[in-house]
Amino acid sequence: SCTMLRATVKLCCGIAHDHLRRLPGLKVTAVAAIQKDVRGLVVRGSRRLPSKIPHYIQRVMGKESAVCPDPDGDISPSRFSSMDLSYIAQGETALQRALSILQQHTSWQAEMMLDAGAAVSSAAFPGLGKVFRAEVVLAVPVAWLHRELFERIEQMPQWNPTLSRVKVLQRVGTDTLVTHEVTAPSPGNLVGQRDFVSVRHRGRKETAIYLVGTATHLEPLPLQEGCIRAESRLSCIVLQPLVGDPGRTRFTWLLSMDLKASATGWIPASIINRILPQSQADFIEHLRRHLSAAACP
């Protein structure tokens, strides 16, 4: 059944990855068996079935085209380690969580308005706490933003001065990255420097592209002296072409973070609730300047 298939898939994609890491032969065999069973079900007839299979397994079995096709075309179970599958599963879980939030009829509370028409609002969700939502229309196509925010993510500090470094530590297939980001030191910063180790994952639904991020663990952990390791509970940037004007993009960004304690103690929620929407506003402003500079070098 689909329910049993989904449960088996989750087992192989990270829930039991510690055991699978010790038994690599078992992991490859298990994923290969799932691949064979799912292919058989698809061949036997249900056109609706692929949509019920988790997207990360569809990609592994080659049934769903990624946003950017894999250049070598080799999408086989043996290509992914158990940790790779775990990263894909973490990214897909974050994507489904973001989609759930976006589809809820939630009452969002206004936080701030920007001069350029951008708005930041917030709402509380179980397991995440306060989630901030930034919305703006940007005068560039979806493909441009997708490239700058995912493909060229390591170049982000060149135009976003709030970051000192972004490093891709690992690429898993075409749609999942493990990254290390370090914020830039800033005079008068109330919380100090932070760094993050995150899974970043992209998906597509109809005309929209989703760029999600969530905290992950990596061995060995990258160290950044003088930084406090913070965590992204959930980040999701949605890029949608504006109806009637594909040269412009509706940009929506969900953000929930745990900045952890500072060297002097816990940071009051009132400060966090000012810092996060302001960081979204700053990011949008830097992104606007970057796209203006790119249009008029």
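Residues numbered from 1 in each chain as written. Predicted model: local features only at pLDDT ≥ 70, side-chain atom pairs only at ≥ 80, totals over all residues. Heavy atoms only, no water.

Under an unreviewed UniProt entry, the name given to the protein chain is Steroidogenic acute regulatory protein, mitochondrial, and the source organism is Chunga burmeisteri. Looking at the Pathway (unreviewed entry) heading of the UniProt record, one finds this comment for the protein chain: "Steroid metabolism; cholesterol metabolism." Quoted straight from UniProt, the Subunit (unreviewed entry) entry for the protein chain says "May interact with TSPO." (UniProt positions renumbered as here; feature names shortened; annotations may be inferred.)

Asker: How should helix α7 (residues 142-151) be read in this particular structure?
Answerer: One turn of the α-helix equals 3.6 residues, which is why residues spaced by three or four share an orientation. By the criterion of burial, α7 is predominantly enclosed, with seven of the 10 residues buried. All buried positions along α7 are accounted for by V142, W144, L145, H146, E148, L149 and F150. (Buried < 20%, exposed > 50% of the residue type's maximum accessible area, 1.4 Å probe, protein only. Helix = DSSP H or I, 4+ residues; strand = E, 2+ residues; numbered from the N terminus.)

Asker: Sorry if this is basic, but what is going on with the packing of α7 against helix α8 (residues 269-295) here?
Answerer: Between two packed helices, the angle of one axis relative to the other and the distance separating the axes together describe the packing. Axis separation between α7 and α8 bottoms out at 12 Å; the angle between their running directions is 115 degrees. Of the two elements, α7 crosses α8, and the hand of that crossing is right-handed. Touching W144, L145, E148 and L149 of α7 are F283, L287, H290, L291 and A294, all from α8. (Axes fitted to C-alpha atoms, helices over the stretch in contact; angles between N-to-C directions. Left-handed = near helix turned anticlockwise from the far one by under 90°. Contact = heavy atoms within 4.5 Å.)

Asker: Is there a simple way to think about the pattern of salt bridges in this case?
Answerer: Any two side chains of opposite charge can pair, on the condition that their charged atoms come close. Enumeration over the complete set of coordinates arrives at 11 salt bridges. Where R202 meets D175, a salt bridge forms, and the shortest distance between an N and an O atom there is 2.9 Å. Here D175 lies in the loop between β4 (163-172) and β5 (176-183) and R202 lies in strand β6 (residues 194-205), a separation of 27 residues in the sequence. Here the two residues R202 and D175 agree in accessibility, since each one is buried. Of the charged contacts in the structure, one is a salt bridge between R200 and E181, with a shortest N-O distance of 3.5 Å. Linking R200 in strand β6 with E181 in strand β5, this pair joins segments that are 19 residues apart in sequence. Given a relative accessible area of 24%, R200 falls into the partly exposed group. Each of R147, E148 and R152 takes part in salt bridges that share partners, so that together they form one network. (Salt bridge = Lys/Arg side-chain N within 4 Å of Asp/Glu carboxyl O.)

Asker: What should I look at first to understand the pairing of strand β10 (residues 245-258) in this one?
Answerer: Every other side chain in a regular strand lies on the same face of the sheet, so the side chains alternate between the two faces. In this structure, strand β3 (residues 129-138) lies alongside β10, joined through seven bridges in antiparallel fashion. Note that in β10 the partner of V137 across the bridge is R250. Across 11 bridges, the pairing between strand β9 (residues 231-242) and β10 is antiparallel. From the neighbouring strand, L234 faces β10, where its bridge partner is S256. Linkage of β9 to β10, two consecutive antiparallel strands, is achieved through a turn of two residues, within which G244 is found at a positive phi near 85 degrees. (Pairing = 2+ DSSP bridges.)

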